[in-house]
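This is what each chain is made of:
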Amino acid sequence: MHDVLKRGRPVAPAGAATPPRPAGLRKRWLATGVLAVLVALLAGVSLGPVSLPPGSVAIELLNLLPGVHLDSGLTEREIAIVTELRLPRAVLGLLVGGLLALAGGAYQGVFRNPLADPYLLGVAAGAGLAVTVVLTLGVGAGGALSGLPATIPLAAFVGSLGAVAMTYLLGSAGGRSRSPATLILAGVAVSAFLSAGQTYLLQRHAESIQQVYSWLLGRLATAGWQDVRLVLPYFLLTSLVILLHRRELDVLSVGDDEAASLGLHPQRSRYLLIAAASLGTAAAVSASGLIGFVGIIVPHTVRMLAGASYRVILPLSLLFGGAFLALTDVVARTAAAPQEIPIGVVTALLGGPFFVVVLRSARRVLT
């Protein structure tokens, strides 16, 4: 009798022990996630150097819907601030945060490690080196960092995917078997190699250090909807692939042998999820720079509060990750106004203590 997967649910062969079915996504948690996204969107558009009434902003956002024409009481200048400056930035924060959190949850499931994050396979190092090359060699860098040319996000995207490809090739150099541990070690080696190249370039071109580090610390500054349009297709593709295969992560959590006995192809599922998560991370990095800890904080918080099944973790990470980064961006814009704190600094201040909590809990599980 051949084992099969029907409608995404594993079916055990006769006489085999069937793992308990994990709890599904509860409607109250889904509603809470959607509410968090809406609150973050409203806060991101209302708060800033020019404070706007949340009620009026909410009405103006409703006016964006077809057939809705309400008087928000905002002036033309304030409407332009809402629709052309703050709304694109808030939406970009939702997309980038959702991608990083979703990728982090997928990596944690694939590698069965709560400390795994979206930059595990060298994405950050690859993007950092590529952007450093562009900025130090002056390829398309003809202005201030607030007006980054298209070459910068393109370089970050290509560098990120190139680093993942190098990790994959290095992980397979020793044979056909590519275990999660082998990939992690390959990612560490690739990251060290690419970081060394970046350090060398910065040493040779000290005048570009400020520009490079401004990008590395993360940013959501956008002059319109262009960045949103660039990230949105990758957001949709990554979310679709990972969420459609979220049940398989629950099966992989019992081990490859057990997963194979339930009709799953562990290696194929693992690398499909890694490819989707890496693509989404590369798109996020290309638009926002390196923003750390989102892929650890959000999935692990969801795991502690809502349940350990990836049928719950992944969709909620997508929602709460977007809300988390959009709200963090509000803090970055307002905490030291009129100056703006790099968003990566804010997430690091929040993520550092949280990382210690995750590390302690993981150590208790391992011991």
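Position numbers for residues start from 1 in each chain and track the written sequence from start to end. Predicted model: local features are reported for residues with pLDDT of at least 70 only, side-chain atom pairs are reported and counted for 80 or more only, and whole-chain, interface and lining totals are derived from all residues. The basis for every side-chain value is the complete set of non-hydrogen atoms in the structure, without hydrogens or water.

Draft legend 1. Geometry of the overall build of the chain. Broken down by element type, the chain carries 14 helices and two strands. In this scheme, a residue with accessible area under 20% of its type's maximum is buried, one over 50% is exposed, and one in between is partly exposed, where area comes from a 1.4 Å probe on protein chains only. Classification of the 367 residues of the chain by burial places 50% in the buried group. Surface summary for the chain: the accessible area is close to 17500 Å², and the carbon and sulfur share equals 66%. Segments assigned H or I by DSSP are reported as helices when at least four residues long, segments assigned E as strands when at least two residues long, and all are numbered from the N terminus. With residues, only the protein chains shown are counted as cover, and all accessible areas are computed by Shrake-Rupley using a 1.4 Å probe.

Draft legend 2. The arrangement of the nonpolar core in detail. As used in this record, nonpolar core signifies buried Ala, Val, Leu, Ile, Met, Phe, Trp, Tyr and Cys residues forming a set joined through side-chain atoms within 4.5 Å. Core analysis: the biggest nonpolar cluster contains 91 residues, and Phe-111, Trp-215, Ile-242, Ile-274, Val-285 and Val-294 have the highest contact counts within it. In terms of residues, this core owes the most to one element, helix H3 (residues 76-111), which gives 18 residues. Within the second largest apolar cluster, six residues are counted, among which are Ala-125, Ala-163, Val-190 and Leu-201.

Draft legend 3. Main features of the packing of aromatic side chains. Any Phe, Tyr or Trp ring, taking Trp's six-membered ring, that has another such ring centre within 6.5 Å forms a pair; planes under 30 degrees apart are called stacked, those over 60 apart edge-to-face, and the others tilted. Applying the stated criterion across every chain, the model contains three aromatic pairs. Summarising the aromatic geometry, the rings of Tyr-107 and Phe-111 are spaced 5.9 Å apart at their centres and angled 20 degrees between planes, so their arrangement reads as stacked. Of this pair, Tyr-107 and Phe-111 both sit in helix H3, separated by four residues, roughly a single helical turn. Considering the side-chain rings of Tyr-168 and Tyr-271, the 5.4 Å spacing of their centres and the 90 degrees angle between planes classify their relative orientation as edge-to-face. Here Tyr-168, found in helix H5 (residues 151-171), pairs with Tyr-271, found in helix H11 (residues 266-288); they are 103 residues apart in sequence, far enough to count as distant. Tyr-168 gets classed as partly exposed once you look at its relative accessible area, which sits at 33%.

Draft legend 4. View of H5. Helix span, expected: 1.5 Å multiplied by one less than the number of residues in the helix. Compared with the 30 Å implied by 1.5 Å per residue over 21 residues, the 30 Å span of H5 between its first and last C-alpha is a close match. Inspection of H5 places Ile-152, Pro-153, Ala-155, Ala-156, Phe-157, Gly-159, Ser-160, Ala-163, Val-164, Thr-167 and Gly-171 among the buried residues, and these make up the whole buried set.

Draft legend 5. Inspection of the confidence of the model for the chain at higher detail. As a per-residue quantity, pLDDT reports the predictor's confidence and falls between 0 and 100. Here the chain averages 83 in pLDDT, while 85% of its residues score no lower than 70. Per-element mean pLDDT across the chain ranges from 42 in strand E1 (residues 5-6) up to 94 in helix H13 (residues 310-334). Note that residues 1-21 has pLDDT below 50 and, in this model, 26 contacts with residues that lie over four places away or in other chains. The contact rule is simple, with two residues in contact once any of their heavy atoms fall within 4.5 Å. For residues 140-148, every residue scores under 50 in pLDDT, and the model assigns this stretch 11 contacts once sequence neighbours within four places are set aside.

Draft legend 6. Representation of the side chain of Thr-136 in the model. Note on placement: Thr-136 falls in helix H4 (residues 123-137). Pairs of N or O atoms are called polar contacts if they sit within 3.5 Å, as long as, within protein, a hydrogen donor faces a hydrogen acceptor (for residues adjacent in sequence, only side-chain-to-side-chain pairs). Here the side chain of Thr-136 touches Thr-132 through a polar contact of 2.6 Å, landing on its backbone oxygen. Of note is the side chain of Thr-136, whose polar atom sits 3.4 Å from the backbone oxygen of Val-133. Filtering out sequence-adjacent residues up to four positions away, Thr-136 remains in contact with Leu-201, His-205 and Ser-208.

Draft legend 7. Expanded view of the environment of Gly-218. In this structure, Gly-218 sits in the loop between helix H7 (209-216) and helix H8 (226-244). A sequence separation of 72 residues divides Gly-218 from Leu-290, and the C-alpha atoms of the two residues are 4.9 Å apart. Among all residues touching Gly-218, those that are not within four sequence positions of it are Ser-288, Gly-289, Leu-290, Ile-291, Pro-342, Ile-343 and Gly-344.

Draft legend 8. Main features of the packing of H5 against helix H6 (residues 180-204). One can describe the packing of H5 onto H6 by two numbers: an axis separation of 8 Å at closest approach and a directional angle of 130 degrees. Judged by the angle between their axes, H5 and H6 are oblique. By crossing handedness, the relation of H5 to H6 is classed as right-handed. Judged by residue contacts, Ala-163, Met-166, Thr-167, Tyr-168, Leu-170 and Gly-171 of H5 engage Thr-182, Leu-183, Ala-186, Gly-187, Ala-189, Val-190, Phe-193 and Leu-194 from H6. Of the residues belonging to the contact of H5 with H6, the class tally is 10 nonpolar, four polar and no charged. In this analysis, axes come from line fits to C-alpha atoms, helices being fitted only over the stretch in contact, and the angle between any two N-to-C directions falls in the range 0 to 180 degrees. Should an angle fall under 35 degrees it is taken as roughly parallel, and over 145 as roughly antiparallel, whereas 65 to 115 is taken as roughly perpendicular and any remaining angle as oblique. By definition, turning the near helix anticlockwise from the far helix through less than a right angle yields a left-handed crossing, and turning it clockwise yields a right-handed one. Any residue that is not Ala, Val, Leu, Ile, Met, Phe, Trp, Tyr, Cys, Pro, Asp, Glu, Lys or Arg is counted as polar, Gly included; the first ten are nonpolar and the last four charged.

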